[in-house]
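# Chain and residue survey
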Amino acid sequence: MGFQEVFGVLPEASAQAPGRVNLLGEHTDYQEGYVLPTPLPYLTRVEAGRAEGRVEAYSETLKELRARPLGSPPQGDFLDYLLGVVWALRQAGHPVPGARLYIRSELPMGAGLSSSAALEVAALKALRALFRLPLSDLEVALLAQKAEVDYVGVRCGIMDQMAASLGEAGKALFLDTRTLAHENLPLPPGVRVVVLDLGLGRRLAEAGYNERRQEAEEAARRLGVRSLRDVADLCLVESLPSPLDKRARHIVGENLRVLRGVEALRRGDVKAFGELMTQSHRSLSQDYEVSLPELDALVEAALEAGAHGAKLTGAGFGGAVVALVPEEHMEVFQSALHAGFPQLRIL
């Protein structure tokens, strides 16, 4: 199947965007903190054509064709994200009359690799080309986030959309989510970013994510700061009641880990960077409590198999693990992990 077979006409524009893994800076973006994601070599591609008054879209992964008029409310399916980006464009004053969209994706859904942001950004870039819209890549990221937050109804931060729109292969995107200042930093040579996917899906992810956001907001309120980004002294969080003290400890500590991680990248210290990744996972597991026993076991197995560092990536409650592995150890690493986790998918 292709665009022409589904819609009966040729596509007029196309674009693509990558998924991402987050090397450091988990659950900091909605508290105006620092993040350090890197794009993956797995893409979502969108072909686009014109339509009037509606959005029609075909997902090659789901083998589903869906269509709804502009202005329709979200219905909990993949079309929500595409109606959302058209809605966001129209809200921003871009007169997009409708669209036909054909989606191909190499990204596994539900693995915490930001398949939704890749879809939003790819669709926006395809529509930008189709309608010759004067949008920068930064504006694309902001519109993608607006679509997901205000139309789809997922209270996401800006990290995923920024990584999908502005990230560069082989580099980590150092992003200040308060100011949107960003810089692409080269990853150390001789290492590979490896995604370990057990296919767990996401257990209670949305409810757990929203609860953690609320706890972080309450911790910031009690500490009298705009956001936990403004807390520089870890000792201050100890005055909070449980579990707010643990939640704040993770976010404040994670911001410090990102800044130390940037320093490690600048000096090419892969060992120090890997140790920070592992510290991040332990904090996500013990203080933020978003890991699962299976993910904890997978992180420990990755370290035993020779990874410099490993951590869950994404919001948690399922998803995948990211590991930083020396290139020369890849075969041994893969064999050891598959022996312990036969169902594991290594990306």
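Higher on the page you've got the structure.
Presented here is an overview of the structure given in this document. (Residues numbered from 1 in each chain as written. Predicted model: local features only at pLDDT ≥ 70, side-chain atom pairs only at ≥ 80, totals over all residues. Heavy atoms only, no water.)

One number sums up the size of the second largest pocket: a volume of about 230 Å³. In terms of lining residues, the second largest pocket is bounded by 16 residues, among which L40, P41, R192, V193 and V194 are the most central. Put simply, the parts of the chain that give the lining of the second largest pocket at least two residues each are strand 2 (34-50), strand 8 (191-202) and helix 10 (330-340). Residues belonging to the lining of the second largest pocket are distributed by class as follows: 12 nonpolar, 3 polar and 1 charged. (1 Å grid on protein atoms, 1.4 Å probe; cavity = no way out; pocket = protein on both sides within 12 Å on 5 of 7 lines; lining within 4 Å. Points joined across faces, edges and corners; volume = space filled by probe spheres on them. Helix = DSSP H or I, 4+ residues; strand = E, 2+ residues; numbered from the N terminus. Nonpolar A, V, L, I, M, F, W, Y, C, P; charged D, E, K, R; others polar.)

Further remarks concern the environment of F78. Secondary-structure assignment places F78 in the loop between strand 4 (64-69) and helix 2 (79-91). Given the relative accessible area of 12%, F78 is considered buried. Distance from F78 to R100, taken between C-alpha atoms, is 14 Å for residues 22 residues apart in sequence. Leave out the neighbours within four places in its chain, and F78 touches A57, Y58, S59, L62, E64, R66, I103 and L119. (Buried < 20%, exposed > 50% of the residue type's maximum accessible area, 1.4 Å probe, protein only. Contact = heavy atoms within 4.5 Å.)

For the coordinates displayed, the defined rule picks out 35 salt bridges. In this structure, R100 engages E56 in a salt bridge whose closest nitrogen and oxygen atoms are separated by 3.5 Å. With a gap of 44 residues between them, R100 in strand 5 (residues 99-105) and E56 in strand 3 (residues 54-59) connect regions that are remote in the sequence. With respect to burial, R100 and E56 carry one shared label: buried. Residues E238 and R249 are paired through a salt bridge, measuring 3.2 Å at the closest nitrogen-oxygen approach. (Salt bridge = Lys/Arg side-chain N within 4 Å of Asp/Glu carboxyl O.)

In an α-helix, one full turn covers 3.6 residues, which means residues spaced three or four apart are oriented alike. The end-to-end C-alpha distance of helix 2, which contains 13 residues, comes to 18 Å, matching closely the 18 Å that a straight helix rising 1.5 Å per residue would cover. Of all the positions in helix 2, only L79, D80, Y81, L82, L83, G84, V85, V86, A88 and L89 are classed as buried. Each element contacted by the buried residues of helix 2 is listed here: strand 3, strand 4, strand 5, helix 3 (115-131) and helix 4 (137-152). In the segment just after helix 2, G93 is the residue with positive phi, at about 95°. (Expected span 1.5 Å × (residues − 1).)

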